[in-house]
Amino acid sequence: MRLPEDFTFSQSMLQDFTDCPRRFELRYLLDARWPAQETAQALLYEAGQQKGQEFHHLAHQHALGVPADVLTETIADDDLKIWWTRYLTWQAANLPAERFPELTLTVPLADSLLMAKYDVVAKLADGSFLIVDWKTGRPQKRLRLADRMQTLVYPVVLARGGDWLNDGQPIAPERIRLAYWFAETGETVDFELTAEKLRKDEARLTSLLQSIAASTEFAKTENERHCCFCPYRSLCERGELPGNLDELDEEDGPDGLSLDLDEIEEISF
Amino acid sequence: MSVRLTKKQEEIVASPLDAKLFLRGRAGTGKTTVGVWRLRQLIAAGVPAHSILVLVPQKRLALPYYNEIRNPRRKGGAEATVATLGSLSHQIVNLFWPLLAKQLNQHEPLRRPAFLSSELIQYLMFKLLEPQIAQNDYFNSVTITRPRLFSQLADNLNKSALVGFPHTTLAQRLKAALPSDQEQAHIYDDAQTCVNVFRAYCLEHRLLDFSLQVSQFIQQLWPHDVPRAYLTRRYKHIIADNLEEDTPVTHQLLREWLPGCHSALLIYDEAASYRRFLGADEVSAESLQELCTTTYELDATRVMSPAVESLLVEISELMTGETLDAPKRKGETAAAISFTPASRSRFHTQMVDWVADTVAALVQEEKVKQNQIVILAPLMSDSLRFSLVSRLESRGVPSYTLRPSRPLHAEPAVRALITLAKLAHSHWQIEPQHQVKKFDVVQMLLSAMADLDLARATLLADIRFVGGKLLPFREISKNPEMRARITEVFGERFDKLVGWLDAYRAGTPETIDIFFSRLFGEVLSQKGFGFHFSKRANPQNAFDEARIVANLIDSSRSFRQTLDQIEPDTDTGQEYARMVDAGILADQYEPRDWKKSPDAVLIAPAYTFLLSNQPVEYQFWLNIDSQAWTRRLQQPLTQPYVLSRQWPAGRIWTENDEQQTSREMLLRVVTGLLKRCRKKIFVGYSKFDERGNEREGDLRIIFDLLLRTLNQETNM
């Protein structure tokens, strides 16, 4: 299938393609909505997602100037209160007052567009740039995060499309850092960019985009465990019942599963 | 964009980066093209796209801007924001609501408000107002359906927010301008009482319908330092297109915003304002010209062929009685118009056949692109749409439809799921007329089970639907002949469905949306069932049906989440099913891929096409005898002209006003359509209309006059 000319890739699309090309095809090329359950604990999953969205929304409101004390009064959930307190402490020490929340950058790459939707991008006092991604799900190990498309895409897109944040000058790769901040611990896992890494990552992304554009067949994943948490399960004839959240073990993480509590849709006009 | 700009267009696009420009002109003169190129020019010149706001009255009108934003050859960086007043106010209220918490409800100052979809507005009005209407005998002389009545109440509230007057003065304004009989005055008073009750309820429960969302934004947040600083510091460059289709409060917002902007391009289409019934105000739009440093006018059409332009002049002269100082090319006009031949214009079906044949000939013989043809009628009924779609399909021409929403329960897939929900929730208290009947079971089985025919579905319902329950097929032991007629294959599938329902009933009930989703995933989309994705001839059908179910699930989830906030003890599933049955809930979700124009013939109501602002080569105008070309919709509870900012206080609406606005409306529609036509219009006429009646509409009279003129020209 030929990609539409205006097709815009994002990290979650690339993650989907990496995990299961058929899911990528169904979701983004065929635009197929398939409204089956992703997990047996649907309400629990919904509550987790809502809490994550609520947290992202609070951080967004705060970045736009709504006073922290006013926002604190709006929080009823106990977990959220704890996350919020951790956030206030961390951001006060690590982020400048002026920051760009919910920022979308898009860059041309391999005859397509590649988009990144950031929770926050901030220019620090030393002139370097910090990308922060709020994670409200279970904390992830560095090794696992390093393998995520998000870790690849976010710094590359900022390096190639963030010059307007830097007075019109390209941002040097060494001045870009990506931090995953975990609400459960208040700690971060950081990834630095270098010129060499940018070159390699960009080459890898280019190759991936080109291989997707050239694909005519989109195979189903070989790891059928992924299918337990995928709504297209019945379409692919890969089972009837959705997976149980409590069967997710440490090794599963959100990687490779369609289900991801951290996959928070950004709020757009 | 491959379009080449004229010198004048180039001049406007290349204006200084701090220019504030007002661009006016007729439709089809290339104003939006200038807007898109100006967007590109600003970004190329180093303006951060992040600081550019493209403001349009409705998002479909932003399609050319979306295309530019998604252009892979564009410069990398942030994206310009495309917004409508609705999306902007939603965003700002959603982000800054804690700053207005006390205005919403002082007793519960810091709970997040809920935004009401139009379905939820209908539901809450039904729930809240229906008992009062019944008890007080409100609207007793009004014969419209409840959904239409509620939508006019909501429309009145929206007018107050968009035009900018207190909602408490609605009846007073209507009665002052329309002092007809006592009965009508009562209707306005009843409407006022109802909107007051609804507004008080929304404030008490922190519910934001569209009107409250807009008024909170305009009256509370826009004047507030924090949100205003966010908007004005971020968006320094504004491109506002189709200003004439926007509302006075949007114009007021721009009036206050523009002085602090670095640049602006305001685009104004003359003789349009098709959204007047939604509050559009061309006078307040035009007044923004005074805020701009330079005004440009584009007058040469970039769309119409000389023949269509000549036709436009002929028709305009016939309709206005004035002689225009414009080119008329004798002999050429006829090339731009074609009428249903006499041999095919007696019955409506003959005319529809002629339309389908002509479209097929254009596509297959003349190689016209399918998306360069539209078929228009003033109103697009289900039957007309079906007639056209099926005829085009049989001739190998794909088509798609744009039309207002229709009730959810009109979809067979939705009715099947509602029937199954009722069977699974036997404790629901359902009004007798909406309890599951054998007919519903048959229809449900036809949707739910793959390849099942009507005869077997009826047999299954006859013998296995007993006492409001489905009984297993396997328990038919005394009637082997019946088993054989139904077949074991269908029997097994039936039992799987029944077994799933029994197991569900034995457990704790799920929320209605989760019930639908589980049923879909665990049974209905599995092999052997109606929503299964097999390698069908047209897999798109499976996706379309699944999309209807997905919309149902989204709608029911949103319903449940909002209702849980305000009425936590209500059984949302039962309420939801009741509302679908009553036709209160409608499928108002975006059609798939609305940002892309499918490669297919468009079938749409004329106004919908006009508001999409996309010119085409060929247009078919159907049902030209319909009064709907000239008459406003019957709206006994509201009146768009009187509730406008331009209506002088104390002036009375007369029959003369009605006739004048009808004439003006027809003129605008006809000229608006022609300005969006590149090559030719085909006029679909039949002596008898869809219902077999013989009518003579105003548009037909104009075409008769035109024919006479054209014949005279030919004979000269």
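For every chain, the first residue of the written sequence is number 1, and numbering continues from 1 onward in sequence order. Naming scheme: in the order in which they are written, chains are lettered from A and ligands are numbered from 1. It should be noted that, the model being predicted, local features are given only for residues of pLDDT at least 70 and side-chain atom pairs only at 80 or more, the latter also being counted only at that level, while totals for whole chains, interfaces and linings use all residues. Each side-chain value is derived from all of the structure's non-hydrogen atoms; neither hydrogens nor water enter the calculation.

Considerations on the overall build of chain A
Cut-off, in case you're wondering: Helix and strand definitions follow DSSP, with helices as H or I runs of at least four residues and strands as E runs of at least two, each counted in order from the N terminus. Radius of gyration: C-alpha atoms only; globule rule: 2.2 Å multiplied by the number of residues to the exponent 0.38. Under the scheme applied here, a residue whose accessible area is under 20% of the maximum for its type counts as buried, over 50% as exposed, and between as partly exposed, the area being computed with a 1.4 Å probe on protein chains only. Residues count as neighbours in contact if any of their non-hydrogen atoms are within 4.5 Å of one another. Areas reported here follow the Shrake-Rupley algorithm with a probe of radius 1.4 Å; residue values treat only the protein chains shown as occluding. Under the counting rule used here, the positive set is Lys and Arg, the negative set is Asp and Glu, and His together with the chain ends is not counted. The atom standing in for a charge is NZ when the residue is Lys, CZ when it is Arg, CG when it is Asp and CD when it is Glu.
Secondary structure summary: chain A contains 8 helices and 6 strands in total. Along its sequence from the N terminus, chain A presents helices and strands in the succession β-α-α-α-α-α-β-β-β-α-α-β-β-α. For 269 residues, the compact-globule formula gives about 18 Å, and the C-alpha radius of gyration of chain A, at 19 Å, lands near that figure. Summarising its shape, the C-alpha atoms of chain A cover approximately 50 × 45 × 35 Å along the three principal directions. Counting across all 269 residues of chain A, residues that qualify as buried make up 56%. Sequence-distant contacts in chain A: of pairs separated by 6 or more residues, those separated by 24 or more amount to 68%. Summing over all exposed atoms, chain A offers an accessible surface of approximately 11,600 Å²; the carbon and sulfur share of this is 48%. Charge separation in chain A, taken as the distance between the mean sites of 28 positive and 48 negative side-chain charges, equals 3 Å.

Comments concerning the sheet that holds strand 9 (residues 294-298) of chain B
Residue and element names in this part refer to chain B. For clarity, the cut-off: Pairing between two strands requires that DSSP report at least two bridges joining them. Lines are fitted to the C-alpha atoms to define the axes, a helix being fitted only along its stretch in contact, and any angle between axes, read from their N-to-C directions, falls within 0 to 180 degrees.
Spatial ordering of the open sheet is given by 4-2-7-8-1-9, a layout of 6 strands whose pairing is parallel. Edge positions in the sheet fall to strand 4 (81-83) and strand 9, since each of these pairs with one other strand and no more. The sheet shows a mean angle of 15 degrees between the axes of neighbouring strands, direction not considered. By the bridge criterion, 4 bridges tie strand 2 (residues 52-55) to strand 7 (residues 237-240) in an arrangement that is parallel.

A few points about the environment of Arg385 of chain B
Residue and element names in this part refer to chain B. Locating Arg385 in the fold gives a position in helix 16 (residues 382-394). Residue class for Arg385 comes out partly exposed when judged on its relative accessible area of 21%. Along the primary structure Arg385 and Ala604 are separated by 219 residues, whereas in three dimensions their C-alpha atoms are 8.5 Å apart.

Considering the packing of aromatic side chains
Remark: the centre distance and the inter-plane angle together describe each pair of aromatic rings, the angle taken between the planes. Condition: Aromatic pairing here means that ring centres of Phe, Tyr or Trp (its six-membered ring) are within 6.5 Å. Orientation follows from the plane angle: under 30 degrees is stacked, over 60 is edge-to-face, and everything else is tilted. The rule for a charge over a ring is simple: NZ of Lys or CZ of Arg within 6 Å of the ring centre, and within 35 degrees of the ring normal.
Going through the model one piece at a time under the given rule, you end up with 46 aromatic pairs over all chains. Consider the rings of Trp500 of chain B and Phe515 of chain B, whose centres lie 5.8 Å apart with planes at 55 degrees: the pair is tilted. Here Phe515 of chain B lies in helix 22 (residues 512-524) and Trp500 of chain B lies in helix 21 (residues 488-506), a separation of 15 residues in the sequence. Aromatic ring contacts, followed pair by pair, group Phe55, Trp83, Trp84, Tyr87, Trp90, Trp134 and Trp181 of chain A into a single cluster. Positioned above the aromatic ring of Phe165 of chain B is the side chain of Arg173 of chain B, whose terminal nitrogen or guanidinium carbon lies 4.1 Å from the ring centre.

Regarding the pattern of salt bridges
Residue and element names in this part refer to chain B. To keep it simple, the criterion reads: Each salt bridge in this description consists of a side-chain nitrogen of Lys or Arg and a carboxyl oxygen of Asp or Glu lying within 4 Å of one another.
One pass over the structure, following the stated rule, counts 60 salt bridges over all chains. One salt bridge in this structure joins Arg483 and Glu488, with 3.1 Å as the shortest N-O distance. Residue class for Glu488 comes out partly exposed when judged on its relative accessible area of 39%. Of the charged contacts, one joins Asp689 and Arg695 as a salt bridge, the two residues approaching to 3.2 Å between their closest N and O atoms. Relative accessible area serves as the criterion here: at 42%, Arg695 is assigned to the partly exposed category.

A short note on the side chain of Lys422 of chain B
Residue and element names in this part refer to chain B. Within the element layout of this structure, Lys422 appears in helix 17 (residues 412-424). Residue classification places Lys422 among the buried positions, given a relative accessible area of 11%. Every residue in contact with Lys422, bar those within four places of it in the chain, is listed here: Trp428, Ile430, His434, Val436 and Asp581.

Things to note about the side chain of Gln150 of chain A
Tracing the chain through its elements places Gln150 of chain A in helix 7 (residues 149-161). Residues in contact with Gln150 of chain A, not counting those within four places in the same chain, are Gln11, Asp133, Lys135, Pro155, Leu178 and Tyr180 of chain A.

As for the interface of chain B and chain A
Using the following cut-off: A quick way to say it: buried area is the sum, across both parts, of accessible area lost when two parts are put together, with a 1.4 Å probe. Throughout this entry, Asp, Glu, Lys and Arg are counted as charged residues, while Ala, Val, Leu, Ile, Met, Phe, Trp, Tyr, Cys and Pro are counted as nonpolar. The remaining residues, Gly among them, count as polar.
Facing 59 residues of chain B, the contacting portion of chain A comprises 52 residues. Around 4,600 Å² of area is buried between chain B and chain A when both sides are counted, 60% of it from carbon and sulfur atoms. On the surface where chain B and chain A come into contact, there are 5 salt bridges. Across the pair Glu46 of chain A and Arg560 of chain B runs a salt bridge, and its minimum N-O distance is 2.7 Å. Contributing elements (two or more residues each) for the side of chain B that touches chain A: strand 3 (77-78), strand 4, helix 4 (85-96), helix 11 (225-234), helix 22 and helix 23 (539-566) of chain B. Broken down by element, the residue count for the side of chain B that touches chain A peaks at 12 residues, all from helix 23 of chain B. Its residues assigned to classes, the side of chain B that touches chain A comprises 26 nonpolar, 16 polar and 17 charged.

Remarks on the packing of helix 4 of chain B against helix 10 (residues 210-221) of chain B
Residues and elements named next belong to chain B. We count it as follows: For classification, angles of less than 35 degrees are called roughly parallel, those exceeding 145 degrees roughly antiparallel, those between 65 and 115 degrees roughly perpendicular, and all remaining angles oblique. Each helix crossing is assigned a hand: it is left-handed if the near helix lies turned anticlockwise from the far helix by less than a right angle, otherwise right-handed if that turn is clockwise.
Interaxial distance between helix 4 and helix 10 falls to 9 Å at its minimum, and their mutual angle equals 70 degrees. By the angle between their axes, helix 4 is roughly perpendicular relative to helix 10. Here helix 4 runs over helix 10; the crossing is left-handed. Contacts from Leu85, Gly86, Leu88, Ser89, His90, Ile92, Val93 and Phe96 of helix 4 reach helix 10 at Phe210, Gln213, Val214, Gln216, Phe217, Ile218 and Leu221. Taken together, the residues of the contact of helix 4 with helix 10 sort by class into 10 nonpolar, 5 polar and no charged.

Focus on helix 22 of chain B
Residues spaced three or four apart along an α-helix face the same direction, because each turn holds 3.6 residues. Extensive coverage of helix 22 of chain B is indicated by the burial of 12 of its 13 residues. All of the buried residues along helix 22 of chain B are Ile512, Asp513, Ile514, Phe515, Phe516, Ser517, Leu519, Phe520, Gly521, Glu522, Val523 and Leu524 of chain B. In this fold, the buried residues of helix 22 of chain B make contact with helix 3 (42-63) of chain A together with helix 17, helix 18 (438-448), helix 21, helix 23 and helix 24 (572-581) of chain B.

Overview of unusual backbone geometry
Trans is the prevailing form of peptide bonds, just as negative phi is the prevailing case for residues other than glycine. Even without being a glycine, Glu102 of chain A presents a positive backbone phi close to 50 degrees. By relative accessible area, Glu102 of chain A is classed as buried at 17%. At Asp137 of chain B, a position not held by glycine, the phi torsion is positive, near 60 degrees. Position of Asp137 of chain B relative to the elements: it lies in the loop between helix 6 (118-136) and helix 7 (146-164). The class of Asp137 of chain B is partly exposed, set by a relative accessible area of 48%.

A closer look at the packing of helix 17 of chain B against helix 23 of chain B
Residues and elements named next belong to chain B. Packing of helix 17 against helix 23 leaves a shortest axis separation of 9 Å and a crossing angle of 55 degrees. Comparing their axes, helix 23 and helix 17 come out oblique. For the pair helix 17 and helix 23, the crossing hand works out as right-handed. Residues Ala413, Val414 and Leu417 of helix 17 lie in contact with helix 23, whose contacting residues are Ile548, Val549 and Leu552. Looking at the contact of helix 17 with helix 23, its residues break down into 6 nonpolar, no polar and no charged.

Considerations on the nonpolar core
The condition that has to hold: Note on terminology: a nonpolar core comprises buried Ala, Val, Leu, Ile, Met, Phe, Trp, Tyr and Cys residues joined through side-chain atoms within 4.5 Å.
Ranked by internal contacts, the top residues of the largest apolar core, which has 172 residues, are Phe139, Leu153 and Phe217 of chain B. Considering every element that reaches this core, the biggest residue donor is helix 23 of chain B, with 10 residues. Of all hydrophobic cores here, the second largest spans 44 residues; its members include Leu14, Val157, Ala159 and Leu209 of chain A.

What about the domain arrangement of chain B?
What counts is decided by this rule: For the domain bounds, the source is a domain assignment made automatically or taken from a database.
Assigned domains of chain B: these are domain 1 (7-83 + 236-298), domain 2 (100-209), domain 3 (306-405 + 595-715) and domain 4 (408-587). Here domain 1 of chain B and domain 4 of chain B have C-alpha centroids that lie 49 Å from each other.

Quick look at helix 7 of chain A
Residues and elements named next belong to chain A. Stated precisely, the cut-off is as follows: For a helix, the expected span equals 1.5 Å multiplied by the residue count minus one.
With 13 residues, helix 7 extends 18 Å from end C-alpha to end C-alpha; this agrees with the ideal 18 Å at 1.5 Å per step. With 12 of 13 residues buried, helix 7 is to be regarded as a mostly interior element. Taken as a whole, helix 7 has its buried residues at Met149, Gln150, Thr151, Leu152, Val153, Tyr154, Pro155, Val156, Val157, Leu158, Ala159 and Gly161.

Some thoughts on the state of the cysteines
Note the following rule: Cysteine sulfur pairs qualify as disulfides if the two atoms are within 2.5 Å.
Scanning all chains against the criterion turns up 0 disulfides over all chains. As a non-bridged cysteine, Cys227 of chain A has Cys20 of chain A as the owner of its nearest cysteine sulfur, 6.4 Å distant.

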